[in-house]
Structure formats: structure tokens, C-alpha cells
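# Chain and residue survey
Each chain is listed here by its residues.
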Amino acid sequence: MIIFENSKKMKPVVLLIIFTLFTSLKGFSQCACCGSTSGFSGGESTPGAYPIGKNNWMVETYADYRTFNGISNEKKTIELGVSTSTAMTIKNIGIGMVGLRYGITNRTILLVQQPFFLINASDLTSKTTGDLLTLINYMLMNKSSLVIDLQGGMEWPTGQIVGFSNGSSVSTGSGSFDPVTGLSIKKPFKQAYVRGSAFFKYTTRGYNEVNFGNFFSHTLNYTYFITKTNAVCSPDSLKKEKALVSINTQVSGEWARMQMKNNAYIENTGSYVSLAALGIAITYNGFTVPVSVSIPFYQHYHGEQNITHYRLRIGLTKTF
């Protein structure tokens, strides 16, 4: 995810997208910038959305571009903080994700994702990795009228924490082993489906004895297939030569708990952000290209943190 201020920086945006598409096949992990968390997590990639079938593989890569719109100045609701530093202004953050999915059975999918980050703060730049996500998705129910998926796994401490000479720091990993779980419910229709999902990460103590905070996300998505298909829930629908075009709308929420150290909350951490998204996806001969734009309509931060402006996501997946 990347953040740029104006059109003069479109060239860096293009370069960043190229960078992420070629250097990552990975998922989302927690990103903490100057003590404030942004809830990037594998739950955003909705592992239950792709029924790939037994012994089938899916390779996916995404480039996320996120912009920020200044620093929040909301009153701190908890005065037990151990950090009094001012939040570092983030100009842009680019996240490249590369992932691999394997159909263990027709109902069970193994997912592995690893993110890479390119962070541009005020006069500072950092390239680093995020936490590796491994996840098992089990299709508890697969009927024409209802599909239910359960998810469980672990985020591994492959991310880093980077310190700058001015005393600021950026963390793209928690430094801890964090279990994750999720639930997805999909209601198919003839040429559409409605899907609700929830994802939770329980964070343990990590870098510098800090607990970077639990993370919870929830989404409600409506997808409509412009081209006719009767195989909305079929793995084979992703492999047919006939092109499939779909549009989708989504409302989502992301909650990040305040960070803690020595049983005290850290100031300028913790948030809840609600976003509305509009996207399109084109599938042909096993390839899918999804594109979406998200805009926040409600944001609440504890203390001083970078305010989300908008998000752009471009992906490429291949099922074989």
C-alpha cells in the first residue's frame, strides 16, 4: 500500500506497482509506524473466496497503494500510555503480496502469504518484509444455497522493525507468533453472491517486549457477474476459457487494539476504520485480474496517527 500526495508522483507509483508484482507473492501483516498500528492482515485476502478444488494450485500477487491525509489529533481516551512521541508523518506505503494456495481436498485449502513493504515517511524511506501468514481454510458447508468456510492458522515473526537516525521507527512485523482465525459465509444467487466474513488475530508479546495489539476485521461483499455463469461456486469456473467479468461492492471495518508494554497502553496506537470499496475482476483461462478502490467513511484513532485517504489494489492470480 502506498501513499502519494499528487499526480507528479505517479511515476513512483508505477515503479512501486512493478516492484511489488515482481518481488512478492505474499499476504498482509501488521504494520506499525512510529508506534501506531495499521491493521494489514491476511484476512483481507479472503481465502474462502476461491474454491480451487483438490490438488489444484493458485498463485496470487497483489500491489496495494494507500494514501494518507495528515495526522489525527483525537483526544486520548486512555491515559496509561508509556510513549509520548509524536506520530511520524507517512507519505506513502507500498505493500507487495505474493501467495500460494493448494487444494488439499475439495473442502480444504492451504494458504501461504508473505508481504513486502516500501514505506515513504517524511524524508525517510524503508524497504522491509512483513510477517508470513499460513492458513488452513476448511469448507464446512458447500450447498447451492449456502457456503460456509472456517479458517485458522498462524502469523510468523518474519517481519522487521527499522530504526531511523532521528529516533523514529517503523515496524512491519510483531516479532511474535500470532494465531489467527476466521469465518466466511456466502449466499450464492444465479449471477451474484453476497459474502460476509470476519477475521481475528491474537497478538502476543514481540519486539522490545511490546504487544502490538489484537486485530479484527469484518466485511460484507456483494459480487455480480456481468457475464452469465451458473458456476459461481464451482472451482472449474475459474478455469474455463470463457471470460468472466464481475463487479463488486464492499463495506468493511478494521479494529486494531492499542499496543501495550509493561502492562501499560502505548499512546498514539489503536484505531477503528470503516471503508467502502468498489471493484471489478476479469477472469479468463485460469487468470484473474481484480482491481478495487476503497475510501474510508469513518475513522477513529487514539491520539496522533496517520489518517487513511484512500486505497488502491491491483492483483493477478493464476489457477492451475
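Residues numbered from 1 in each chain as written. Predicted model: local features only at pLDDT ≥ 70, side-chain atom pairs only at ≥ 80, totals over all residues. Heavy atoms only, no water.

### Topic: the overall build of the protein
Within the protein, the regular secondary structure consists of one helix and 20 strands. Counting all 320 residues of the protein, 52% fall into the buried class. At a minimum sequence separation of 6, the contacts of the protein that also span at least 24 residues come to 69%. Total accessible area computed for the protein in this model is approximately 14,000 Å², and 60% of it derives from carbon and sulfur atoms. (Helix = DSSP H or I, 4+ residues; strand = E, 2+ residues; numbered from the N terminus. Buried < 20%, exposed > 50% of the residue type's maximum accessible area, 1.4 Å probe, protein only. Contact = heavy atoms within 4.5 Å. Areas by Shrake-Rupley, 256 points an atom, 1.4 Å probe, with all protein chains shown as cover.)

### Some thoughts on the pattern of salt bridges
If you walk through the whole model with that rule in mind, you get five salt bridges. Put simply, E155 and K201 hold a salt bridge, and the shortest N to O gap is 3.1 Å. Taken as a pair, E155 in strand β8 (residues 147-156) and K201 in strand β12 (residues 192-201) lie far apart in primary sequence, 46 residues in all. Overall, the relative accessible area of 0% leaves E155 in the buried class. (Salt bridge = Lys/Arg side-chain N within 4 Å of Asp/Glu carboxyl O.)

### Notes on the packing of aromatic side chains
How two aromatic rings sit relative to each other is set out by the distance from centre to centre and by the angle between their planes. Using the criterion set out here, one finds five aromatic pairs in the structure. Where Y193 meets F225, the ring centres are 6.4 Å apart and the plane angle is 50°; that geometry is what we call tilted. Of this pair, Y193 sits in strand β12 while F225 sits in strand β14 (residues 215-225); the two residues are 32 residues apart in sequence, bridging distant segments of the chain. Residues Y193 and F225 agree in their burial class; the two are buried. Aromatic pair Y272 and Y298: ring centres 6.3 Å apart, planes at 50°, arrangement tilted. Placement of Y272 in strand β18 (residues 271-284) and of Y298 in strand β19 (residues 287-301) is noted, with a sequence separation of 26 residues between them. For Y272, a relative accessible area of 24% gives the class partly exposed. By relative accessible area, which is 44% here, Y298 ends up partly exposed. (Phe/Tyr/Trp six-rings, centres within 6.5 Å; stacked < 30°, edge-to-face > 60°.)

### Looking at the confidence of the model for the protein
Looking at the protein as a whole, the pLDDT averages 78, with 73% of positions reaching at least 70. Predicted confidence is poor over residues 32-48, with pLDDT under 50, and the contacts of this stretch with residues over four places away or in other chains come to 78 contacts. Under a pLDDT of 50 for its full length, residues 77-85 has, in the predicted model, 17 contacts with residues more than four places off or in other chains. (pLDDT = per-residue confidence, 0-100.)

### Brief notes about the nonpolar core
Residues F68, M88, I90, I93, I95, F117, I119, A121, L124 and V170 constitute the largest nonpolar core, which totals ten residues. Of all the secondary-structure elements, those providing two or more residues to this core are β4 (90-103) and β5 (108-121). Formed by six residues, the second largest nonpolar core is a distinct cluster that contains L111, L133, L135 and F215. (Core = buried A, V, L, I, M, F, W, Y, C linked by side-chain atoms within 4.5 Å.)

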